[in-house]
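Descriptive analysis of the structure
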Amino acid sequence: MGEQEILAAAKKAILDYDVEKAKQVAKEGLDAGVDPVAMVEKGFVPGIQEIGDLFDCGDVYLPELILAADAMKAGTEICEAAFPETASKTKKKVIMATVEGDIHDIGKSIVVSFLSANGFDVYNLGRDVTVDTFVEKAKEIQPDVIGSSALLTTTMGHQKDLEEALKEAGIRDKVKTIVGGAPTSQEWADKIGADAYAENAAEAVAKVKKLCGVS
Ligand code: B1M
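Okay, so let's go over this structure. As the structure is a computational prediction, the values presented were derived from the model and not from experiment.

Re the site of the ligand
In the vicinity of the ligand lie 36 residues, with Gly 101, Ile 103, His 104, Asp 105 and Ser 149 positioned nearest. The side chain of Ser 149 places a nitrogen or oxygen atom 2.7 Å from a nitrogen atom of the ligand. Within the backbone of Thr 153, one N or O atom sits 2.9 Å away from an oxygen atom of the ligand. Counting residues per element, the ones that place at least two in the shell around the ligand are helix H3 (36–57), helix H4 (62–80), helix H5 (106–117), strand E3 (145–149), strand E4 (176–180) and helix H9 (201–212). Ranked by residue count, the leading element in the shell around the ligand is H3, at 5 residues.

Structure (structure tokens):
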């Protein structure tokens, strides 16, 4: 299969809710020399986005959404493991997690992989992470940047709570913050006082580099 066929097959594996196919396409793509980043961004992501749209319209239901997410995770994890690494470490520490009440972690995991591949020491706290845990870990790890991901309009408010909690803990001026996730925006970041917003993983790397003064 050529690159375009691999990308189309990756998208189709998500639309077919096919975990095994997603793994197979990812492996075949890597063997054929297809860029793993392109496979995620131009193959798997358009697939899950289409499923999201179908879910929004009521054309697919939660069980299908879960199956599609499983296929997405299976395919992207294989690609993420093959993301090209930068030669040098930045020595900068980043805490990253999805906020409380939110179990969406596919996009956050891609951001984590991009940051790791670009030399950042990433502490991935996982998903459904409380503001208290963010603060506790920040005190322990003393990161340069704290990133929070929110995919639901009902959970993005925790990004604002985090800003307040960091202030209350007396550490807000010692760390930079970045927010991301589909319902968030630069306007939202400005409103809650976050230092940055990123629309996607590549932009997250650029913004975190800027926050850390790394070129
Ligand atoms: Co959910 N879900 N979901 N879901 N789900 C959405 C978000 C939704 C938009 C679908 C829809 O209706 N069209 C909708 C939210 C509506 C809203 O809030 N307005 C929704 C809903 C309603 C729900 C449930 C409530 C459904 C229900 O139970 N009735 C439920 C909530 C569960 C919970 O969290 N408490 C739910 C559950 C699920 C699954 C578990 C089935 C699954 C998640 C599995 C998982 O993540 N492990 C799922 C999925 C897969 C989706 C969609 C279809 C896809 C999300 C995704 O993975 N996108 C999503 C629809 C959509 O987004 N179009 C949807 C691909 C990923 C690469 O993109 O996550 O945006 P994304 O990440 C990007 C950028 O946003 C950015 O970079 C990433 C890479 O480019 N980014 C950052 C993300 N975090 C960042 C952090 C940064 C910087 C950049 O710095 C810190």
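As for the packing of aromatic side chains
All told, the structure shown has 1 aromatic pair when counted by the stated rule. Residues Phe 83 and Phe 114 carry aromatic rings whose centres are separated by 5.2 Å and whose planes lie at 90° to one another, so their mutual orientation is edge-to-face. On the criterion of sequence distance, the pair formed by Phe 83 in the loop between H4 and strand E1 (93–99) and Phe 114 in helix H5 is long-range, its members being 31 residues apart. For Phe 114, a relative accessible area of 9% translates into the label buried.

Details of the coordination of the cobalt atom of the ligand
A lone protein donor binds the cobalt atom of the ligand: His 104 (NE2), at 2.2 Å. As for its placement among the helices and strands, His 104 is situated in the loop between E1 and H5.

Things to note about the pairing of strand E2 (residues 121–129)
Pairing between E1 and E2: 6 bridges, direction parallel. Directly across from Val 99, in E2, lies its bridge partner Val 129.

Describing the nonpolar core
Counting 42 residues, the largest nonpolar core has Phe 44, Leu 115 and Val 208 as its most contacted members. Breaking this core down by element, the ones donating at least two residues are helix H1 (3–15), helix H2 (19–31), H3, H4, E1, H5 and H9. With residues up to four places along the chain from it excluded, the contact list for Leu 115 reads Val 94, Met 96, Phe 120, Val 122, Ala 204, Val 205 and Val 208. Membership of the second largest hydrophobic core comes to 23 residues, among which are Val 99, Ala 138, Val 179 and Ile 192.

With respect to a negative patch on the surface
A surface patch of like charges, here negative, comprises Glu 100, Asp 128, Asp 132, Glu 136 and Asp 161. Its location among the elements puts Asp 132 in helix H6 (residues 131–141). Look at Asp 132 and you get exposed, because its relative accessible area is 59%.

Scoring rules and cut-offs
- Residues numbered from 1 in each chain as written.
- Predicted model: local features only at pLDDT ≥ 70, side-chain atom pairs only at ≥ 80, totals over all residues.
- Heavy atoms only, no water.
- Near = heavy atom within 4 Å.
- Polar contact = N/O pair within 3.5 Å; in protein donor to acceptor, adjacent residues only side chain to side chain.
- Helix = DSSP H or I, 4+ residues; strand = E, 2+ residues; numbered from the N terminus.
- Phe/Tyr/Trp six-rings, centres within 6.5 Å; stacked < 30°, edge-to-face > 60°.
- Buried < 20%, exposed > 50% of the residue type's maximum accessible area, 1.4 Å probe, protein only.
- Donors = N, O, S within 2.8 Å, 3.2 Å for Na, K, Ca; no water.
- Pairing = 2+ DSSP bridges.
- Core = buried A, V, L, I, M, F, W, Y, C linked by side-chain atoms within 4.5 Å.
- Contact = heavy atoms within 4.5 Å.
- Patch = residues over 30% accessible without salt bridge, like charges linked within 9 Å, V, L, I, M, F, W, Y side chains within 5 Å.
- Areas by Shrake-Rupley, 256 points an atom, 1.4 Å probe, with all protein chains shown as cover.
- Salt bridge = Lys/Arg side-chain N within 4 Å of Asp/Glu carboxyl O.
- Lys, Arg positive; Asp, Glu negative; His and termini not counted.
- Charge placed at Lys NZ, Arg CZ, Asp CG, Glu CD.

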